[in-house]
Amino acid sequence: MAGMANTVSEQYANVDFAPIQALTDGEVITKSPARDIRLASGKVLALITLDNGRDHTRPNTLGPATLTQLGETLDALAARAAAGEIQAVGITGKQYILAAGADLSDISKVGSRDNARLIAQLGHKVLGKFGELGVPSFAFVNGLALGGGLEIALNSTYRTVDSSAAAIALPEVFLGIIPGWGGAYLLPNLIGIENALEVVISNPLKQNRMLKPQQAFDLGIFDAIFPAANYLENSLAWADAVLGGKKVERKNEPGKLERLTKWPIAIKMARGMLESKIGTVPTSPYAALELLDKAKSGTKAEGFAREDEALADLVTGDQFAASMYAFDLVQKRAKRPVGAPDKQLAKKVTKVGIIGAGLMASQFALLFVRKLQVPVLITDLDQARVDKGVAYIHEEIGKLETKGRLDADSANKLRALVTGTTDKSLYADCDFVIEAVFEEVGVKQQVFGEIEKIIAEDAILATNTSSLSVAEIGEKLAHPERLVGFHFFNPVAVMPLIEIVKTPNTSDAALSTAFVVARNLGKNAVLTADAPGFVVNRLLAKVMGEAARAVYEGTPIVDVEKAFGPLGLPMGPFQLIDLVGWKVAAHVQDTMATAFPERFYANENFHALAELDAIVEKDKGGRVTGWTKQAEKLLKPAVGSAPASAATILQRVQDGLADEIKRMLDEGVVPEVEDIDLCLILGAGWPFIDGGASPYLDRQGASDRAFGGSFHTPQIRGVENR
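Parameters and conventions
- Here the residue index of a chain counts from 1 through its sequence in written order.
- Selection of residues for local features in this predicted model requires a pLDDT of at least 70, selection of side-chain atom pairs for listing and counting requires 80 or more, and totals for whole chains, interfaces and linings are taken over all residues.
- Hydrogens and waters are ignored; side-chain quantities use all the structure's heavy atoms.
- A run of H or I in DSSP counts as a helix once it spans at least four residues, and a run of E counts as a strand once it spans at least two, with each numbered from the N terminus.
- Just to be clear, the radius of gyration here is over C-alpha atoms, and the globule rule we use is 2.2 Å times residues to the power 0.38.
- Per-residue accessibility, obtained with a 1.4 Å probe over protein chains only, is compared with the maximum for each type, and a residue is labelled buried under 20%, exposed over 50%, and partly exposed between these values.
- Each accessible area value is a Shrake-Rupley result obtained with a 1.4 Å probe; residue values ignore everything except the protein chains displayed when judging cover.
- For this analysis, a ring pair means two rings from Phe, Tyr or Trp (six-membered ring only for Trp) whose centres lie within 6.5 Å, classed as stacked if their planes differ by under 30 degrees, edge-to-face if by over 60, and tilted for the remaining angles.
- Only Lys NZ and Arg CZ are tested; either one counts as a charge over a ring when it is within 6 Å of the ring centre and within 35 degrees of the ring normal.
- Two strands are said to pair when DSSP picks up at least two bridges between them.
- Where helices are involved, their axes are fitted lines through C-alpha atoms of the stretch in contact, as for all axes, and angles between N-to-C directions lie from 0 to 180°.
- Put simply, angles under 35 degrees are roughly parallel, angles over 145 are roughly antiparallel, angles from 65 to 115 are roughly perpendicular, and the rest are oblique.
- Crossing chirality is assigned from the near helix's rotation relative to the far helix, an anticlockwise turn below a right angle marking it left-handed and a clockwise turn marking it right-handed.
- What makes two residues a contact is simply this: any of their non-hydrogen atoms within 4.5 Å.
- Ten residue types, Ala, Val, Leu, Ile, Met, Phe, Trp, Tyr, Cys and Pro, are classed as nonpolar, four, Asp, Glu, Lys and Arg, as charged, and the remainder, Gly among them, as polar.
- Residues adjacent in sequence count toward polar contacts only when both atoms are side-chain atoms; beyond that, a polar contact is any pair of N or O atoms within 3.5 Å, and within protein one must be able to donate a hydrogen and the other to accept it.

Caption draft 1: Spotlight on the overall build of the protein. In terms of helices and strands, the protein carries 30 helices and 19 strands. At 28 Å, the protein has a C-alpha radius of gyration in line with the 27 Å of a compact globule built from 722 residues. Counting only residues that meet the buried cut, the protein has 56% of its 722 residues in that class. About 29,900 Å² of surface is accessible on the protein, with carbon and sulfur atoms providing 53% of the total.

Structure follows, in structure tokens:
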């Protein structure tokens, strides 16, 4: 970095930003007006308020035109500071919002690596001014501060936060990029390397976890925290005290010793954790790690220059393009399900019935009572099972109370809403009844047959089957039009997807009710036709079947798990099978192999394996390291001696998935390929950086090999690869 500039402003003084200033068409500009505030001491603080003129549902964002205007505001204030007219600069946001970061739709239109670098440089040039005004700068974070919004605060000299702010985060790694406006350099130098690793890498990888203001304050991101009632008043008084000489303690700021000893160790451990948890396919977490590592020494200008290059690489790569596609699906398509009937047709649900009292049924009951706050009835064959189910639900409500997520009154109210019985006549006033009984058509037909005689004519029946035909389950009903598939994913409380299955008989009223209930449960629903395995299990059965095929050919289990690495799934196929349960997996394989024997692999030996207590051995991280002794013994006679190579296994699963997805679209299982990707992202944890499955299969050439085409035209690729 020879001849490097000393200050941020020198570094970007001669950069021509015209190419990206031409990209501002349609940008909602966030304005940055400033007003003078005379503090109690008589000193003057010029306060900038970011405001895009929209209500709080449209957060402030930082596009090129917004940044350019903010830069002009700051230059004018620097001149006033030099003239002695102001003693400090503050920045805050409109109600509830500081800023939600860069306008990502703009970033995805950059068109070239040079333009991507310019976006990073413009952010650095403008936000860097907060540290070079000649007077102290104060960020008053009065609400949501994500990405570039939080980086405004990090570039300021001091920071306070409103204790009611919605969320504080640097979510970039979740979207396949890095904090590129100072975050990767400034944060570790403010709060230490271990805390910075948590905020920049771990949290984004935990389903994009955000910080609450108190957590952010405890980490040392903010110097003070004040309640909402007098937030600005308190912040201004605090700023006045700091200008008057009040010392600001920063206990997490790293010293020399941490930089020398703790820093390299923390980076090395984080690298090991990443490799074991997410493999080496995702690029952004490793790029972020590299930047955090180098932040331990050198100047701010050098740190910013490294971020410029890293951001330029990532913004133009395939993973960011796929992430933006996935982000759009989850943010927009998931909220407006394609094919859902008018919500006016939905039946009002004032009481829910759940047939069964096992673990799945109890998880349903807990979710329904918490989210809908209506009476929930569970039944089972005998009182002992019912009591066990009710006890589990009460215990879970108790845990939420202990954690402070429910107050005592709410917890008691919820407990009172759950009743259990063996008397089915109590279903009479239920509007929505869902079964969670054994996965067998006969059993489900029988329970629905009994219940239908008791409930009202227009009550809705829902089945949580994972792979059986919903139409067949409803065959014996007097009113098959009231039956709908309502397929949850495990764990019920966590997984955001519900597959809503429509049979040729399902009425619009039943379907509409199912969509409204799903939304009220806080879930995302996708409409699917009544086809074997619906969406997620059909494709997971493909993945698991190819893994099983390789094992029965003679490939060691560890090699099979490794071969699936490039798919980027959250876990290997056998680790997944172990999580969902071997019996369930064997059952789904059977369903699929019966439906499509020429395309799905199943092995009789799999059922014998599923009967064992322990089947695989795992390491501390939960990864599969081998078979147990009993499993090996059982497998021996069934396993061949022609192991498949990793490349063969991967290509078989890629081509198999591409072929299956194409068939599902041709059969009309879902309206469009976007719905399949949405199901895989929400129901199987398929990574954002793949964009679900279809953009990945296009890029790998699997779509072309399977059906001589691609799912997306043009393909979803980074600028550099289009």
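Next comes the rest of the write-up.
Caption draft 2: Expanded view of the packing of aromatic side chains. Scanning all chains against the criterion turns up 17 aromatic pairs. Through successive ring pairs, a cluster of aromatic residues spans Phe364, Phe368, Phe432, Phe486 and Phe488. The ring centre of Phe600 lies 4.7 Å from the NZ or CZ of Lys542, which sits over that ring. In this arrangement the basic side chain of Lys662 is found over the ring face of Phe707, its NZ or CZ atom lying 5.5 Å from the centre.

Caption draft 3: View of the pairing of strand 15 (residues 483-488). For strand 15, a buried count of six out of six residues is recorded, marking the element as mostly surrounded by other parts of the structure. Where strand 14 (residues 460-463) and strand 15 come together, three bridges link them in parallel fashion. Residue pairing in the sheet places Ala462 in a bridge with Val484 of strand 15.

Caption draft 4: Looking closely at the packing of helix 6 (residues 148-155) against helix 7 (residues 183-191). Taken N-terminus to C-terminus, the directions of helix 6 and helix 7 make an angle of 55°; their axes are 10 Å apart at the nearest point. When the axes of helix 6 and helix 7 are compared, the pair comes out oblique. Where helix 6 crosses over helix 7, the two elements pack in a sense that is left-handed. Of helix 7, the residues touching helix 6 (which contributes Glu151, Leu154 and Asn155) are Gly183, Leu186, Leu187 and Leu190. In the contact of helix 6 with helix 7, the residues fall into four nonpolar, two polar and one charged.

Caption draft 5: Region of the structure containing the packing of helix 7 against helix 8 (residues 193-205). The contact between helix 7 and helix 8 brings their axes to 7 Å, and the two run at 135°. Viewed along their axes, helix 7 and helix 8 adopt a mutual orientation that is oblique. The handedness of the crossing between helix 7 and helix 8 comes out as right-handed. Contact with helix 7, carried on its side by Leu187, Pro188 and Ile191, involves Ile193, Asn195, Ala196, Val199 and Val200 of helix 8 and no other residues of that element.

Caption draft 6: The environment of Lys413, seen in detail. By the element assignment, Lys413 lies in helix 17 (residues 408-417). Classification of Lys413 as partly exposed rests on a relative accessible area of 48%. Spatially, the C-alpha atoms of Lys413 and Leu67 are 50 Å apart, while their sequence positions differ by 346 residues. Polar contacts involving the side chain of Lys413 include one to the side chain of Gln373, which spans 3.3 Å.

Caption draft 7: Main features of the sheet that holds strand 9 (residues 224-226). What the six strands build is an open sheet, ordered 1-2-3-5-7-9; its pairing is mixed. Each edge of the open sheet is held by one strand with a lone partner, namely strand 1 (34-38) and strand 9. Across the sheet, the mean angle separating the axes of adjacent strands is 25° when strand polarity is ignored. Of the pairings in the sheet, the one linking strand 1 to strand 2 (residues 44-50) comprises five bridges and is antiparallel in character. Residue pairing in the sheet places Ile37 in a bridge with Leu45 of strand 2. In the packing of helix 3 (residues 64-82) onto the sheet, the strands contacted are strand 1, strand 2 and strand 3 (88-93), and the crossing angle to strand 2 comes to about 175°.

Caption draft 8: A look at the environment of Ala459. Examined against the element boundaries, Ala459 turns out to sit in the loop between helix 18 (441-452) and strand 14. Ala459 sits in the buried class, given a relative accessible area of 0%. Between the C-alpha atom of Ala459 and that of His712, which follows or precedes it by 253 residues, the distance is 41 Å. The contact partners of Ala459, leaving out residues within four places of it in the chain, are Lys347, Cys430, Asp431 and Arg482.

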